[in-house]
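Residues per chain, in single letters:
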Amino acid sequence: MWARTVPALTFSAGLTDPQRETAIEYCLTVARLWQAERELSRNGLVVETERGNVKSPWVTIAGQYRSHFRALVGELGLSPASATRITPPESAGDDDGVFD
């Protein structure tokens with residue numbers, strides 16, 4: 001995820017080192033959301049417990065990460081609507097390797 005997203009953000013939005021934490025948080029959120037979705041695919045939306053069938057805890061986890069994902073997408077300008085608010089840098093300059 002990092003290799004796909006950060007170079008594009010650095011080029012298109014001028015992502016800088018101080019914004020690194022937001023980019024890291026985005027990548028972690030995507031990875032955890034994928035993990036939750038894998039678990040839901042393996043085990044289903046409903047799990048059997050000693051109290052009977054209940055909603056899988058992964059449903060809640062996926063929902064929380066999906067909400068966080070949407071916030072980060074807007075913050076980083078990764079949706080079509082939020083991308084219009086991002087001003088691209090004037091030149092790539094020497095910051096090409098800032099996140100290497």
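Residues numbered from 1 in each chain as written. Predicted model: local features only at pLDDT ≥ 70, side-chain atom pairs only at ≥ 80, totals over all residues. Heavy atoms only, no water.

Caption draft 1: A look at the environment of Ala62. Assignment of secondary structure puts Ala62 in helix H3 (residues 57-76). Taking relative accessible area as the criterion, Ala62 reaches 3% and is therefore assigned buried. On a C-alpha basis, the gap between Ala62 and Thr29 in space is 9.9 Å, while along the polypeptide they are 33 residues apart. If near-sequence neighbours (up to four positions away) are discounted, Ala62 is found in contact with Leu33, Ala36, Glu37 and Leu40. (Helix = DSSP H or I, 4+ residues; strand = E, 2+ residues; numbered from the N terminus. Buried < 20%, exposed > 50% of the residue type's maximum accessible area, 1.4 Å probe, protein only. Contact = heavy atoms within 4.5 Å.)

Caption draft 2: Structural context of the nonpolar core. Core analysis: the largest hydrophobic core is formed by ten residues, namely Val6, Leu9, Leu15, Ala23, Tyr26, Cys27, Val30, Leu72, Val73 and Leu76. Examining the composition of this core, we find that four residues originate from one element, helix H2 (residues 20-43), more than from any other. The contacts of Ala23, once residues within four sequence positions are left out, are Trp2, Val6 and Leu15. (Core = buried A, V, L, I, M, F, W, Y, C linked by side-chain atoms within 4.5 Å.)

Caption draft 3: Summary view of the pairing of strand S2 (residues 52-55). Judged from the four bridges that link them, strand S1 (residues 46-49) and S2 form a sheet pairing that is antiparallel. Bridge assignment links Glu48 to a residue of S2, and that residue is Asn53. Counting the residues that bridge the hairpin from S1 to S2 gives two residues. (Pairing = 2+ DSSP bridges.)

Caption draft 4: Broad picture of the pattern of salt bridges. Counted according to the given criterion, the structure contains two salt bridges. The partner of Arg66 in a salt bridge is Glu37, with the nearest N and O atoms 2.8 Å apart. Of this pair, Arg66 sits in helix H3 while Glu37 sits in helix H2, and the two are 29 residues apart along the sequence. One salt bridge in this structure joins Glu39 and Arg42, with 2.8 Å as the shortest N-O distance. (Salt bridge = Lys/Arg side-chain N within 4 Å of Asp/Glu carboxyl O.)

Caption draft 5: Representation of H3 within the structure. Relative to the 28 Å expected for 20 residues at 1.5 Å per residue, H3 spans 29 Å between its end C-alpha atoms, a close match to the ideal helical length. Those residues of H3 not exposed but buried are Ala62, Leu72, Val73 and Leu76. Burial along H3 is one-sided: seen end-on, the buried residues are contained in an arc of 100°. Residues Gln64, Arg70 and Glu75 are exposed on H3 and point more than 90 degrees away from its buried face. Two residues or fewer after H3 comes Gly77, characterised by a positive phi angle close to 75°. (Expected span 1.5 Å × (residues − 1). Arc of directions from axis to C-beta.)

Caption draft 6: Quick look at the packing of H2 against H3. Axis separation between H2 and H3 bottoms out at 9 Å; the angle between their running directions is 150°. Judged by the inter-axis angle, H2 sits roughly antiparallel to H3. In the packing of H2 onto H3, the handedness of the crossing is left-handed. Contacts from Thr22, Glu25, Tyr26, Thr29, Val30, Arg32, Leu33, Gln35, Ala36, Glu37, Glu39 and Leu40 of H2 reach H3 at Trp58, Val59, Ile61, Ala62, Tyr65, Arg66, His68, Phe69, Leu72, Val73, Glu75 and Leu76. Of the residues in the contact of H2 with H3, the class split is 14 nonpolar, four polar and six charged. (Axes fitted to C-alpha atoms, helices over the stretch in contact; angles between N-to-C directions. Parallel < 35°, antiparallel > 145°, perpendicular 65-115°, else oblique. Left-handed = near helix turned anticlockwise from the far one by under 90°. Nonpolar A, V, L, I, M, F, W, Y, C, P; charged D, E, K, R; others polar.)

Function cannot be inferred from these measures alone, as they are strictly geometric.
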